[in-house]
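A closer look at the structure
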Amino acid sequence: MAAAALPLIVVLVSRQMPARTVLRRLALAVIALFGFNAALLTILAVLGLPVAPRALATIYLLGFALAPALRTGSNEKRSIATASDWWALGTALTVFSLLYRPFVGASLGRRMAQLSFSTDGAHHLAFVRRSVLQGGYLTESNYPQAWAGNVALIVDLVGSATPDSLLLVAPVLIMAFYALMVFFAVALSLDVLRAVVGNLRPLPAGVAVGCIALTALVGPGNLLIRTSSYTQTVAIAVLLATAGLLTAPDYSTWRLPTTLGLFAVALMQTWYLLAPVLAMLLLLYLVKFRPRPMPVLVVATATVLLSAYPLLKGPPPVTQLNAPGVTPLPQPAIVLALLLLTLVALAVIARRSRSVGPGPLPLISLVVATLLLLVAVIAIQVFAGAGLRYYAAKVLYVVLVFGGLAGATAAGLESEHALRLGSTNVSEARFFSGLVVTLVLLGLAGVSVGTREQSWPMAAGQPPNALNGAVLDAIFSAHPNGLSPDTDAWVFDACSRGTDYLASKWIHDLFQTWNESRHEVSRGYRSGKAGEVKMLVDRAADNGLERIEIYTHRPCMPDALARISSSAKVVLVTVP
């Protein structure tokens, strides 16, 4: 009952959104509800009160059912959607369908294999499960809270705290927010096109949408999911939605500031390293709308207090920037080419928008601010002698996403320009616009091709890390209620020790049995050569362990496996 009420909650929230059309207000309402939940869960965590998801859903229904009676501002009728919104919705649904297709009808092991792009994914989903089990925010977590808290609410409503319900719900939510990011990217790009050229025509709109779709499927956007950057995807969706709001009129004194405040909480509690970009957009809001000081002061005070939660509970920004880790990086030449392409795209946008109002400014400000942020991040890394570290690499991907967005907008503008010149100089117009579009497409595709690990396997339905879904299913079948703390479960195919380690850690993380001792011994397991069994021998000698289960499918080193399976504690499970 409560789970079925969630769509109604979103619809009721959407009635308060300051946007042009019903469809866009629904999309904005998802983020607003995300931010509202983060704010409420923060307050409950500070007060030490547990979260009751079903009671919370009931309160939402009552509160938002009464909210429309308190509406203020314009009663202007709004259409279902504009042409830009239909383009955005179609692109978002297409991207969602292609990326979510591998999860349809898949077993739990297969779903886990699809999500196992890095150990980060295990961390984020483990935090969700712990949030459900503990009935609230994880105050000991070193990560921002909004993603885990919101997903935990939905998991609790539709299932339970078991890994199977988590692995059924999480992929839908991950891809849904990714599709939401695509929706706002398309809508913002087409809004800028409409502001510059007036009536939107199919050819320039199609060119821009095609570029963004390619960015999402095989470019830097997809690589955000490849690195299990679920929270970063939410943060980008929030930024794009915020920029889109700045192209809309202000319908009331309180609604727009309140909406922006909820968006700020959502971003700060997902990935606060993008705070400088958000600050740039909020400054643009103050300059454009010149709102009354009282609503801004009240909303800003509450927003700052709620946004400070992850900063106070988690590590400081510099620590996050210097956090160790491995993130797939594009080749430097590809990054440089796309950054240069971004600058060219910004020049095209600025040139074509000289005679129009402030409509394109949010996009330009967003990209320029992000580029400046990248320069600052790289400078910090270089001066610290650390090179391009873990979070700095993710910031780089954010920049590449915005670069793809700017390139898509520029490609649409040049297509429109070619149409206008067609009657006077057809060959010159087609050549010029075709050259720009080709460069954009090659640049976006090059980011994917130039990475150490391809992003396309995800869209094609292949687990990129080659984790064996059957092996993972065998572990779930053997332990439907979770692993015992005195039991180890290790995957040992030995063809790729890194893959074996990743699968083993995911299992222990989801069952909440990954501890410091396993973390220490796993270093040798992860870095060992194929066939190396020293770590497993040492684990067999640990008096605190009663059982070591080793799962294998087609071991590359059967002799090594035979050596370790001779121990009385070891149980070998061969998966057909």
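Above: the structure in question.
Quick notes on the rules
- Residues numbered from 1 in each chain as written.
- Predicted model: local features only at pLDDT ≥ 70, side-chain atom pairs only at ≥ 80, totals over all residues.
- Heavy atoms only, no water.
- Pairing = 2+ DSSP bridges.
- Helix = DSSP H or I, 4+ residues; strand = E, 2+ residues; numbered from the N terminus.
- Right-handed = clockwise from strand over helix to strand, strands pointing away.
- 1 Å grid on protein atoms, 1.4 Å probe; cavity = no way out; pocket = protein on both sides within 12 Å on 5 of 7 lines; lining within 4 Å.
- Points joined across faces, edges and corners; volume = space filled by probe spheres on them.
- Phe/Tyr/Trp six-rings, centres within 6.5 Å; stacked < 30°, edge-to-face > 60°.
- Buried < 20%, exposed > 50% of the residue type's maximum accessible area, 1.4 Å probe, protein only.
- Patch = residues over 30% accessible without salt bridge, like charges linked within 9 Å, V, L, I, M, F, W, Y side chains within 5 Å.
- Areas by Shrake-Rupley, 256 points an atom, 1.4 Å probe, with all protein chains shown as cover.
- Salt bridge = Lys/Arg side-chain N within 4 Å of Asp/Glu carboxyl O.
- Contact = heavy atoms within 4.5 Å.
- Axes fitted to C-alpha atoms, helices over the stretch in contact; angles between N-to-C directions.
- Parallel < 35°, antiparallel > 145°, perpendicular 65-115°, else oblique.

**Let's talk about the pairing of strand β3 (residues 570–574)**
One face of the sheet, then the other: side chains in a regular strand alternate in exactly this way. Sheet topology places strand β2 (residues 547–552) next to β3; five bridges connect them, and they run parallel. The partner of Y551 across the bridge, within β3, is V573. Handedness of the crossover joining β2 and β3 through helix α25 (residues 558–565): right-handed.

**Some details on empty space enclosed by the protein**
Considering all chains together, one arrives at five cavities of 30 Å³ or more under this definition. Its volume calculated, the largest cavity comes out at about 100 Å³. Around the largest cavity, the lining residues are M181, V182, A185, I212, T215, A216, G221, L240, V401, F402, G404 and L405. Within the residue set of the lining of the largest cavity, elements represented by two or more residues are α8 (163–197), α9 (202–218) and α18 (390–421). By residue number, the principal contributor to the lining of the largest cavity is α18, which donates four residues.

**Comments concerning the packing of aromatic side chains**
All chains considered together, the criterion is met by seven aromatic pairs. Between Y100 and F103, the aromatic rings sit 5.5 Å apart at their centres with planes inclined by 20°, giving stacked as the arrangement. A relative accessible area of 14% means that Y100 is categorised as buried. Judged by its relative accessible area of 1%, F103 is buried. Three or more aromatic residues joined by ring pairs form one cluster here, namely F34, W147, F177 and Y230.

**Quick notes on a nonpolar patch on the surface**
The grouping of W254, M294, L297 and V298 at the surface amounts to a nonpolar patch, some 410 Å² of accessible area in total. By the element assignment, V298 lies in helix α14 (residues 293–313). Residue V298 is classed as partly exposed on the basis of its relative accessible area, which comes to 44%.

**A short note on the pairing of β2**
β2 sits mainly inside the fold: five of its six residues count as buried. Here strand β1 (residues 487–491) pairs with β2 via five bridges, running parallel. Its bridge partner lying in β2, W490 is registered against I550.

**What to know about the side chain of T233**
Tracing the chain through its elements places T233 in helix α11 (residues 230–245). Those residues in contact with T233 that lie beyond four places of it in its chain are F177, Y178, M181, L224 and I225.

**Structural notes on the packing of helix α12 (residues 255–268) against helix α13 (residues 275–289)**
Following both chains from N to C, one finds α12 and α13 inclined at 175°, their axes separated by 11 Å at the closest point. The pairing of α12 with α13 is recorded here as roughly antiparallel in orientation. Contacts between α12 and α13 involve L256, P257, L260, A264, L267 and M268 from the first element and A275, L278, L282, Y285 and F289 from the second.

**Regarding the sheet that holds β3**
Strand order in the open sheet formed by three strands is β1-β2-β3, and the pairing between neighbours is parallel. Taken across any chain shown, the strands that pair with only one partner, and hence form the sheet edges, are β1 and β3. Across the sheet, the mean angle from the axis of one strand to that of its neighbour is 20°, orientation sign disregarded. Sheet strands in contact with helix α21 (residues 469–478) are β1 and β2, and its direction is about 145° off that of β2.

**Considering the pattern of salt bridges**
Applying the stated criterion to the full structure yields four salt bridges. Note that R24 is salt-bridged to D191, the shortest N-O span being 2.6 Å. Taken together, the residues R24 in helix α2 (residues 22–47) and D191 in helix α8 connect sequence positions 167 residues apart. The exposure class of R24 is buried, given its relative accessible area of 8%. On the accessibility criterion, D191 (11% relative accessible area) is buried.

Taken by themselves, the reported measurements are silent on function.
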